[in-house]
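# Coordinate inspection notes
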Amino acid sequence: MAKKVAKKAAKKPAPKKAVKKVAKKAAPKKAAPKKAAKKKSARKPSAAFMKALTPSAALAEVVGSKAIPRTEVVKKIWVYIKANKLQDKANKRMINADAKLKAVFGGKSQVSMFDMAKHLAKNLS
């Protein structure tokens, strides 16, 4: 029996010792001088959006009678909606029209914010 144990021990290779590899440190490189980051040019809005349009009489009651770009009209409408709390409480996408906005929205008492642009386009020239 001792011979069998000796034979098994002889067949197994001796465990290798773990050799630690030491990483070579790279020589410190000189940092390249940083270039100033290029400023991105501000996006220029489309000329069609910036064209001054005259609001209809109904729309002029809300945004004023002065000719202003479509983007400014939308901003002023939203300021009016927020100030008068006309956004529907349950569904924030819906706008409840008061007397002034009802004329702008074609007599509808409630309009989706997505349909609002369609109604504003009809009231701008």
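This report concerns the structure included in the present document. The shown structure was predicted, so the numbers you read here are calculated from the model rather than taken from an experiment.

What counts as what
- Residues numbered from 1 in each chain as written.
- Predicted model: local features only at pLDDT ≥ 70, side-chain atom pairs only at ≥ 80, totals over all residues.
- Heavy atoms only, no water.
- Helix = DSSP H or I, 4+ residues; strand = E, 2+ residues; numbered from the N terminus.
- Contact = heavy atoms within 4.5 Å.
- Axes fitted to C-alpha atoms, helices over the stretch in contact; angles between N-to-C directions.
- Parallel < 35°, antiparallel > 145°, perpendicular 65-115°, else oblique.
- Left-handed = near helix turned anticlockwise from the far one by under 90°.
- Nonpolar A, V, L, I, M, F, W, Y, C, P; charged D, E, K, R; others polar.
- Patch = residues over 30% accessible without salt bridge, like charges linked within 9 Å, V, L, I, M, F, W, Y side chains within 5 Å.
- Areas by Shrake-Rupley, 256 points an atom, 1.4 Å probe, with all protein chains shown as cover.
- Salt bridge = Lys/Arg side-chain N within 4 Å of Asp/Glu carboxyl O.
- Lys, Arg positive; Asp, Glu negative; His and termini not counted.
- Charge placed at Lys NZ, Arg CZ, Asp CG, Glu CD.
- Buried < 20%, exposed > 50% of the residue type's maximum accessible area, 1.4 Å probe, protein only.
- Core = buried A, V, L, I, M, F, W, Y, C linked by side-chain atoms within 4.5 Å.
- Polar contact = N/O pair within 3.5 Å; in protein donor to acceptor, adjacent residues only side chain to side chain.
- Expected span 1.5 Å × (residues − 1).
- Arc of directions from axis to C-beta.

Attention shifts here to the environment of R93. Here R93 shows up in the loop between α4 (70-83) and β3 (94-96). Dropping the residues within four chain positions of it, R93 is found in contact with V111, S112, M113 and F114.

Let us look at the packing of α4 against helix α6 (residues 113-122). Any two packed helices are characterised by the angle at which their axes cross and by the distance between the axes. The N-to-C vectors of α4 and α6 enclose an angle of 125°; their axes lie 11 Å apart at closest approach. The orientation of α4 with respect to α6, classified from their angle, is oblique. The crossing of α4 and α6 is right-handed. Listed contacts from α6 to R70, V73, V74, I77, W78 and I81 of α4 are M113, M116, L120 and A121. Taken together, the residues of the contact of α4 with α6 break down into nine nonpolar, no polar and one charged.

Glancing now at a positive patch on the surface. On the surface, K82, K85, K89 and K92 cluster together into a positively charged patch. Topologically, K89 is positioned in the loop between α4 and β3. When its relative accessible area of 65% is taken as the criterion, K89 is described as exposed.

Membership of the largest hydrophobic core comes to 20 residues, with the highest contact counts inside it found for L59, V73, I77, L101 and F105. When contributions to this core are tallied by element, the ones reaching two or more residues are α3 (57-63), α4, α5 (99-104) and α6. Contact partners of V73, with chain neighbours within four places excluded, come to L59, V63, I68, L120 and L124.

What follows concerns the side chain of N123. Mapped onto the fold, N123 is located in the segment after α6. Note on N123: relative accessible area 12%, which makes it buried. A polar side-chain atom of N123 sits 3.0 Å from the main-chain carbonyl oxygen of V104. Once you skip the residues sitting within four places of it in the chain, N123 turns out to touch T54, P55, S56, A58, L59 and V104.

As enumerated under the stated definition, the model contains one salt bridge in all. Residues K75 and E72 are paired through a salt bridge, measuring 3.5 Å at the closest nitrogen-oxygen approach. Placement of both K75 and E72 in helix α4 is noted, with a separation of three residues, approximately one turn of the helix. Given the relative accessible area of 30%, E72 is considered partly exposed.

Backbone geometry places K85, a non-glycine residue, at a positive phi of 50°. Tracing the chain through its elements places K85 in the loop between α4 and β3. A relative accessible area of 66% places K85 in the exposed class.

With that settled, the discussion passes to α4. With 14 residues, α4 should reach 20 Å at 1.5 Å per residue; the first-to-last C-alpha distance of 20 Å fits that figure. Within the span of α4, buried status applies to V73, I77, Y80 and I81. For α4, the angular spread of the buried residues around the axis is 100°, confining them to a single face. Opposite its buried face, α4 presents the exposed residues K75, V79, K82 and A83, each directed more than 90 degrees away.

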